[in-house]
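Listed here are the chains, written in short residue letters.
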Amino acid sequence: MNKKKKYGLASYILIGVGVLFFLIMLVFPLVEVIYRSLKDGLSVYIEAVTAKNTLSALTVTLIATGIALVVNTLLGLCAAWLLTKFDFPGKSVLSTLIDIPFSISPVIAGLAYIMTFGRMGWATPIVNWFNDLFGTDVSLVFSVPGVVLATIFVTFPFVSRELIPVMNAQGTAEEEAAVMLGAKGSTVFRRITFPHIRWALLYGMILCAARAFGEFGAVYAVSKARGKTFTLPLEIDALYMAGSADSITQAFAVSSLLVLLAIVLLVLKQVVEYRDKRNSEER
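Note that the structure is predicted; figures quoted are calculated from it, not measured. (Residues numbered from 1 in each chain as written. Predicted model: local features only at pLDDT ≥ 70, side-chain atom pairs only at ≥ 80, totals over all residues. Heavy atoms only, no water.)

### As for the packing of aromatic side chains
Move 1: Tallying each qualifying case throughout the model produces 7 aromatic pairs.
Move 2: Judged by centre distance (5.8 Å) and plane angle (55°), the rings of Trp81 and Phe189 are tilted. Taken together, the positions of Trp81 in helix 3 (residues 52-85) and Phe189 in helix 11 (residues 185-214) put the pair 108 residues apart, joining distant regions of the chain.
Move 3: Classification of Trp81 by relative accessible area gives partly exposed; the value is 23%.
Move 4: Take Phe189: its relative accessible area is 25%, and that puts it in the partly exposed class.
Move 5: Measuring from ring centre to ring centre gives 6.1 Å for Phe189 and Phe194, while their planes differ by 45°; the resulting arrangement is tilted. (Phe/Tyr/Trp six-rings, centres within 6.5 Å; stacked < 30°, edge-to-face > 60°. Helix = DSSP H or I, 4+ residues; strand = E, 2+ residues; numbered from the N terminus. Buried < 20%, exposed > 50% of the residue type's maximum accessible area, 1.4 Å probe, protein only.)

### What about the nonpolar core?
Move 1: Core analysis: the biggest nonpolar cluster contains 15 residues, and Ala80, Ile98, Val159, Leu163, Met167 and Ile197 have the highest contact counts within it.
Move 2: Breaking this core down by element, the ones donating at least two residues are helix 3, helix 9 (157-170) and helix 11.
Move 3: When residues in this core are grouped by element, the largest group, 5 residues, is from helix 9.
Move 4: With residues up to four places along the chain from it excluded, the contact list for Ala80 reads Ser160, Leu163, Ile164 and Met167. (Core = buried A, V, L, I, M, F, W, Y, C linked by side-chain atoms within 4.5 Å. Contact = heavy atoms within 4.5 Å.)

### A few points about the packing of helix 10 (residues 173-180) against helix 11
Move 1: One can describe the packing of helix 10 onto helix 11 by two numbers: an axis separation of 10 Å at closest approach and a directional angle of 170°. As judged from the angle between their axes, helix 10 and helix 11 are roughly antiparallel. Facing Glu174, Glu175, Ala178 and Val179 of helix 10, the residues of helix 11 in contact are Val188, Ile192, Thr193 and His196.
Move 2: Here the contact of helix 10 with helix 11 is composed, by residue class, of 4 nonpolar, 2 polar and 2 charged. (Axes fitted to C-alpha atoms, helices over the stretch in contact; angles between N-to-C directions. Parallel < 35°, antiparallel > 145°, perpendicular 65-115°, else oblique. Nonpolar A, V, L, I, M, F, W, Y, C, P; charged D, E, K, R; others polar.)

Structure below.
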């Protein structure tokens, strides 16, 4: 009886500490962002979030996130399929390579792109040849394509790392049986594989998008033109570092856009987790 009371007290203490930590570290800072963004009035807020540089940063952010999401979904799905359904030389190497963006600083990734595709990079002659051939002016650093490449790099592991455990748990027995019965590869994927991984795939896509929205380090290295290649995090940093009272208020206003995007993704994440849990219980 006493042990139950002690256990109950300990549980309440741990819950209280957890809630307090959650409020101090997450809720209060986000509330402060919203408050500081609106403290000078709604008109000032609207002016800040509709400013030319802000809209440009929002556009670049959405473009980079959208492209990174599509590319990483396709490549992540292929990588997870290879690692879980086939045995081949170099399998462990591929698994290790997927985790590289987790193990190095995003700033280093951005600098690596500069050294590769910059003016003195080894890939510059290839880019110049492409531009001469097609009459284009493509640049892979200090440009929107550079921002996209950096975003793809830092967000690549999220989809594949969500799919791999699920596909490992699924095994290959059902798919092998379908192939033996004459089913084509596309049919096997659509009718057998995809129903098992759809929620994990969507969950990985949400994590990928959330990481892309907030990326700073890698994008900062390859993006130097405010109003052209800045993303929302870079625009927030530029406004805050300006130091004036108006620019700091504008920085909080632009930050609120990322907060709203984060809330939307959080709601989607909770919906996906709920649907996945209910689907598992039904099975």
